Amino acid sequence: MAEFSPGLEGVVAAETAVSEVDGANGRLIYRGGYLIEDLVPVATYEEVAYLLWHGDLPNEKELEALRKQMAGARRLNPSARGTLMAMDAQTDPMDVLRTVVSAQGVAKSLTKPTLDEAIALTAIFPTIVGAAWRRRQGKEPVEPRDDLGHAANLLWMMEGKEPDTERARWVDTYLVLLADHGLNASTFAARVVASTGSDLASCVVGAIAALKGPAHGGATFAARSMLDKIGSAQNAEQWLADAHARHERFSGFGHRVYRTYDPRAKILREMAETAAPDLYKTAARTEEVALKILHEAHPERPNATNVDFWASVVLSGAGIPKELFTTLFATSRVSGWTAHVLESLADLRIIRPASRWIGPQPGKKPLQLAKR
Amino acid sequence: MTSAYVPGLEGIVASQTGISMVDGQNGRLVYQGYVIADLAEQMSFEEVAFLLWEGRLPTRAELEALSLELAGHRSLTQAATIALDALPMDTDPMDILRSVVSVQGAEHKLEKPSVPLAIRATASFPTILAMFNRRQLGLEPIKSRRELGHAANYLYMLNGKESSPEIVRALNTYLVLLADHGMNASTFAARVIASTESDLISALVGAIGALKGPAHGGAPAAVIEQLELIGTADRAEQWMRDARKRKVKFMGFGHRIYRVYDPRAAILKEMCRRMNPKFYELATRVEEVALQILHEEHPERPQSTNVEFYSAGVLQAIGLPKEFFTPTFAVSRVAGWSAHVLEQAANNRIIRPQSEYIGPEPRKPVPLAERA
């Protein structure tokens, strides 16, 4: 039997054409062979979702058809609506998303995942996120708008007013950047669920469940919370030195894959300067000091600013409250999750690894209750 | 270092565990050191759940405390009750379980997995299923009875009357036998989710999604359906040889691990002989023929009756509708899932394997207007 590699680090668990993280060269490649920095200037989120599902970018007609299909799938069905309205308004938005996606996806009998289901599930996320946010504020959810793109509709559903194009573009770029990232934990969870022959909603619900963890999707919230505590560029050095002395981890730093600067973080960093000028100053100084401290402590480790750090600044600039950051991540990644599930169907094999026994020697005899 | 791709992670050690061990060579299933045959018909499900969570069998006082805790958490929250009523009557009960467990466990803030949370979740599964089944039948829900054990209360809430001690014992034995089974796909899904530091309910919801797949827990109803098609023992050989020519899969056969007879199947088979003679007569003949045909086709493969084959006969004898076979598997396995989540959380590293990119080499995207 093979060696135990904690966290399956370095173990290849799937073959995929959906995306590739080339950590050594700091490249993120999306399906079709496109580098992330080449896609950002030319493609909206809907185009990238199409790319992940189909393998190439859509032409104008194909894109129009996808937009229509998504706009037509933005309304909750009665099960999902009933479930949403039953939930306490202050529920963690990720728990709302997990639950309402599950309710939206219930069926009479098991069906194989399809592209149409992937499109419908992707389309419903902004509706749930927007409704969760409005209910949290004591407001009624608003109806989705068929005439808006995915990112703009998300802001509409949160705020009930049409967003300016610049904010919608920042959100859209964020959605493009986060749509897939190799075999991360939530995508892997989706593939494990899919491997038993289960349905697409079950896969997506499992992926939301995994994304919720602070070691995965919850990291953007943690990065913004740290910036809030630091407060200003002047405070950064003192705060970080103190935190380091207390052996606190710096949120927004550290990842397993990239040896160079994360290409997504690079794009977000550039956007952050315009999107959130004040927060940018605090963040830039924080990054400078954090990297210096981390380098002094571990000179052998590579540069470690991760995507969560700069995403937290850009999303703040776009007017997204930090309580919703993880749900925004999910709103983006659902296209990648579903693309992976659909890809896995071509050669479905149950993912059932082995475990190593570290318990007591087998064969001890149980004592009767009275003798324990 | 990256290892070669192994489909399904077969033979790859993904975790160290002291909860259960599947000794496929010798046909042994071991819970925390105890061989399943020594537990099956002597322990209550509650004792085994305690064993999986705490690593030892409970004293009488501990068992009483656990039973009280479980009995005290059988009611659904108001949100869960409303959500249950909002879901269509003809929904797959596994989708009901996935959605209502998600509502029932929704939180304001992320909580670390703990034994008290495992107890609460375990207590809620039978209630959700029983309430849904009664609603389907147009019957009023039944309030749980504190003095009844886990198995007895599940049957009471389904039927509105107490079942005979023999039936209760049979369900209890089934629940004990299925409570854990090494690193199966649903347990692994739960551990992947827990590895991001997500909460217990998220891990359980993901596990339910994985269990639903026909390659995992979703097959016992199909065993009954196939036996119904075969009809009688004397028709078995003819039917099965014809079916095989049409590439029909034999339901309840095949697994990756046991080289000898699955120890759980052996116990369930004997229970079928006592409790469900009609099923037993047909099933034993079908098993004989299936093993004969499978051996002719693949003489190198080991004997392959799996746990679902005789589970179906036991659950039928207990009086469960076949749509509730897989959900009842979940009623049992939730004990193991939560034990694994607790073990993962106690010594965690995010489970993030690698993928092998099989897409095209990097190239430049074409702007929308220029795409063919």
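This is a predicted model, so every value here is computed, not measured. (Residues numbered from 1 in each chain as written. Chains lettered and ligands numbered in written order. Predicted model: local features only at pLDDT ≥ 70, side-chain atom pairs only at ≥ 80, totals over all residues. Heavy atoms only, no water.)

Across the contact, 105 residues belong to chain B and 106 residues belong to chain A. Between chain B and chain A, the buried area comes to about 9400 Å², and carbon and sulfur atoms account for 60% of it. Contact with chain A buries area across many residues of chain B, yet Val13(B), Arg352(B) and Tyr357(B) alone supply 8% of it, more than any other trio. At the junction of chain B and chain A, the tally comes to 12 salt bridges. The partner of Asp56(A) in a salt bridge is Arg363(B), and the shortest N-O contact between them spans 3.6 Å. (Contact = heavy atoms within 4.5 Å. Buried area = accessible area lost by both parts, 1.4 Å probe. Salt bridge = Lys/Arg side-chain N within 4 Å of Asp/Glu carboxyl O.)

For strand β1 (residues 12-16) of chain A, the buried fraction is high: four of the five residues fall into the buried class. Here β1(A) runs beside strand β5 (residues 354-357) of chain B; their pairing, made up of four bridges, is parallel. In the sheet register, Thr16(A) faces β5(B), and the bridge partner there is Tyr357(B). (Buried < 20%, exposed > 50% of the residue type's maximum accessible area, 1.4 Å probe, protein only. Helix = DSSP H or I, 4+ residues; strand = E, 2+ residues; numbered from the N terminus. Pairing = 2+ DSSP bridges.)

All right, on to the packing of helix α15 (residues 307-317) of chain A against helix α16 (residues 325-344) of chain A then. Residues and elements named next belong to chain A. Contact geometry of α15 with α16 gives a least axis separation of 11 Å together with a crossing angle of 100°. By the criterion of interaxial angle, the relationship of α15 to α16 is roughly perpendicular. In this structure, α15 contributes Asp-308, Ser-312, Leu-315 and Ser-316 to the contact, and α16 contributes Phe-325, Leu-328 and Phe-329. (Axes fitted to C-alpha atoms, helices over the stretch in contact; angles between N-to-C directions. Parallel < 35°, antiparallel > 145°, perpendicular 65-115°, else oblique.)

Residues and elements named next belong to chain A. For chain A, the domain assignment lists domain 1 (19-215 + 327-347) and domain 2 (219-317). For domain 1 and domain 2, the distance between their C-alpha centroids amounts to 26 Å. Each partner contributes to the interface: domain 1 provides 21 residues, whereas domain 2 provides 19 residues. Taken together, both faces of the contact between domain 1 and domain 2 bury some 1600 Å²; the carbon and sulfur share is 75%. Among the residues of domain 1 in contact with domain 2, Trp-170, Tyr-174 and Leu-177 are the three that bury the most area, contributing 36% of the side total. (Domains from an automatic or database assignment.)

A word on helix α16 (residues 325-346) of chain B. Taking 1.5 Å per residue, 22 residues should reach 32 Å; α16(B) reaches 32 Å between its end C-alpha atoms and fits that length. Buried residues dominate α16(B), accounting for 20 of its 22 residues. (Expected span 1.5 Å × (residues − 1).)

Think of it this way: side chains of opposite charge can pair up when their charged atoms draw near. In total, this model carries 50 salt bridges over all chains according to the counting rule given. Between Glu162(A) and Arg145(A) there is a salt bridge, and its shortest N-O distance comes to 2.7 Å. Remark: Arg145(A) occurs in the loop between α6 (115-136) and α7 (150-159) and Glu162(A) occurs in the loop between α7 and α8 (165-177); sequence separation between them is 17 residues. In this structure, the salt-bridge partner of Arg273(B) is Glu270(B), at a minimum N-O distance of 2.6 Å. Residue Arg273(B) and its partner Glu270(B) are both found in helix α13 (residues 263-275); the two are separated by three residues, about one turn of the helix.

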